[in-house]
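Coordinate analysis (summary)
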Amino acid sequence: DQQVKQNSPSLSVQEGRISILNCDYTNSMFDYFLWYKKYPAEGPTFLISISSIKDKNEDGRFTVFLNKSAKHLSLHIVPSQPGDSAVYFCAASAVSWGKLQFGAGTQVVVTP
Amino acid sequence: GAGVSQSPSNKVTEKGKDVELRCDPISGHTALYWYRQRLGQGLEFLIYFQGNSAPDKSGLPSDRFSAERTGESVSTLTIQRTQQEDSAVYLCASSPDRVGGYTEAFFGQGTRLTVV
């Protein structure tokens with residue numbers, strides 16, 4: 001049962017443009033959402049998070065938007081840089097749960 | 001060390017053998033997680049330890065898989081009678097508190113297990 005879904009396995013974007021990654025979830029108990037970035041042969045690294053009491057969180061070039069009614073969140077990267085080329089995972093959790101449920105990931109390729 | 005440390009980084013084993021994977025979490029982190037990532041797939045939850053509470057084993061795929069954690073320190077994931085479908089990268093993560101408390105989990109670099 002896939003409770004967190006990333007329906008786009010890959011995304012190609014030109015350097016300097018905006019990257020938009022999408023994530024949908026099904027469990028209404030989720031109240032904390034995170035994005036992780038993963039390079040090959042490395043563990044995932046935390047990028048940005050948002051709690052369910054907010055609809056937007058911004059950190060430098062990265063902004064996460066949360067639409068609770070649609071059970072949808074998105075990650076915006078602007079401007080995209082070559083070093084952003086990686087796999088991005090969406091994850092969700094709940095206070096009562098304690099563990100993270102991950103999506104399948106989206107491979108982002110930033111081209112010059 | 002400053003981060004989550006996993007050993008070995010790579011392990012090749014013969015089908016049917018047992019393997020042990022080790023995780024050293026960040027000092028002081030009460031929560032510890034094991035995930036695995038099969039080739040081309042996402043992160044699959046295996047098991048979660050939180051302090052002295054009973055672990056959440058709901059993600060373990062079969063009774064060949066088990067994990068232990070001593071207090072709030074090292075954890076060992078054991079796979080008995082390995083099968084080829086166990087080949088994956090096994091990732092360990094730790095967190096200062098349960099992630100639902102608005103803290104993130106910090107991942108190690110993973111152990112790549114190959115069963116031949």
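The structure this text deals with has already been given above.
It should be emphasised that the depicted structure is a prediction, and the values quoted were computed from it without experimental measurement. (Residues numbered from 1 in each chain as written. Chains lettered and ligands numbered in written order. Predicted model: local features only at pLDDT ≥ 70, side-chain atom pairs only at ≥ 80, totals over all residues. Heavy atoms only, no water.)

We now examine the overall build of chain A. In terms of helices and strands, chain A carries 0 helices and 11 strands. Starting at the N terminus and walking to the C terminus, you meet the elements of chain A as β-β-β-β-β-β-β-β-β-β-β. Relative to its length of 112 residues, chain A is compact, with a C-alpha radius of gyration of 13 Å against a globular reference of 13 Å. Relative to its 112 residues, chain A shows a buried fraction of 51%. Partitioning the contacts of chain A with sequence separation of at least 6, the portion at a separation of at least 24 is 54%. Looking at charge distribution, chain A has the averaged site of its 10 positive side-chain charges lying 3 Å from that of its 9 negative ones. (Helix = DSSP H or I, 4+ residues; strand = E, 2+ residues; numbered from the N terminus. Rg over C-alpha atoms; globule rule 2.2 N^0.38 Å. Buried < 20%, exposed > 50% of the residue type's maximum accessible area, 1.4 Å probe, protein only. Contact = heavy atoms within 4.5 Å. Lys, Arg positive; Asp, Glu negative; His and termini not counted. Charge placed at Lys NZ, Arg CZ, Asp CG, Glu CD.)

Overall, the coordinates contain 2 disulfides over all chains when judged by the stated rule. The partner cysteine of A:Cys23 in its disulfide is A:Cys90, sulfur to sulfur 2.0 Å. Across the S-S bond linking A:Cys23 and A:Cys90, the dihedral sits near -75°, which makes this disulfide left-handed. Of this pair, A:Cys23 sits in strand β3 (residues 19-25) while A:Cys90 sits in strand β9 (residues 86-93); the two residues are 67 residues apart in sequence, bridging distant segments of the chain. A sulfur-sulfur distance of 1.9 Å marks the disulfide that ties B:Cys23 to B:Cys92. Here the S-S torsion is close to -70°, and the disulfide linking B:Cys23 with B:Cys92 is therefore left-handed. Taken as a pair, B:Cys23 in strand β3 (residues 19-24) and B:Cys92 in strand β8 (residues 88-95) lie far apart in primary sequence, 69 residues in all. (Disulfide = S-S within 2.5 Å.)

Once that is clear, we can look at the sheet that holds strand β1 (residues 5-7) of chain B. Residues and elements named next belong to chain B. The 4 strands are arranged β1-β3-β7-β6 in an open sheet whose pairing can be described as antiparallel. The outermost strands of the open sheet, each flanked by one partner alone, are β1 and β6 (65-69). Between one strand axis and the next, the sheet turns by 15° as a mean value, whatever way the strands run. Bridging between β6 and strand β7 (residues 75-79) involves 5 bridges; their strand directions are antiparallel. Bridged to phenylalanine 65 within β7 is isoleucine 79. (Pairing = 2+ DSSP bridges. Axes fitted to C-alpha atoms, helices over the stretch in contact; angles between N-to-C directions.)

In this section: the pattern of salt bridges. Applying the stated criterion across every chain, the model contains 7 salt bridges over all chains. With its nearest N and O atoms 3.9 Å apart, the salt bridge here joins A:Asp84 to A:Lys37. Placement of the pair is A:Asp84 in the loop between β8 (72-77) and β9 and A:Lys37 in strand β4 (residues 32-38), with a sequence separation of 47 residues. The burial state of A:Asp84 is the same as that of A:Lys37; both residues are buried. The closest approach of N and O atoms between A:Lys99 and B:Asp56, which form a salt bridge, is 2.8 Å. You can see A:Lys99 sitting in the loop between β9 and β10 (101-102) and its partner B:Asp56 sitting in the loop between β5 (43-50) and β6, one on each of two chains. Each of the two residues, A:Lys99 as well as B:Asp56, counts as buried. Connected via shared salt-bridge partners are A:Lys37, A:Arg61 and A:Asp84. (Salt bridge = Lys/Arg side-chain N within 4 Å of Asp/Glu carboxyl O.)

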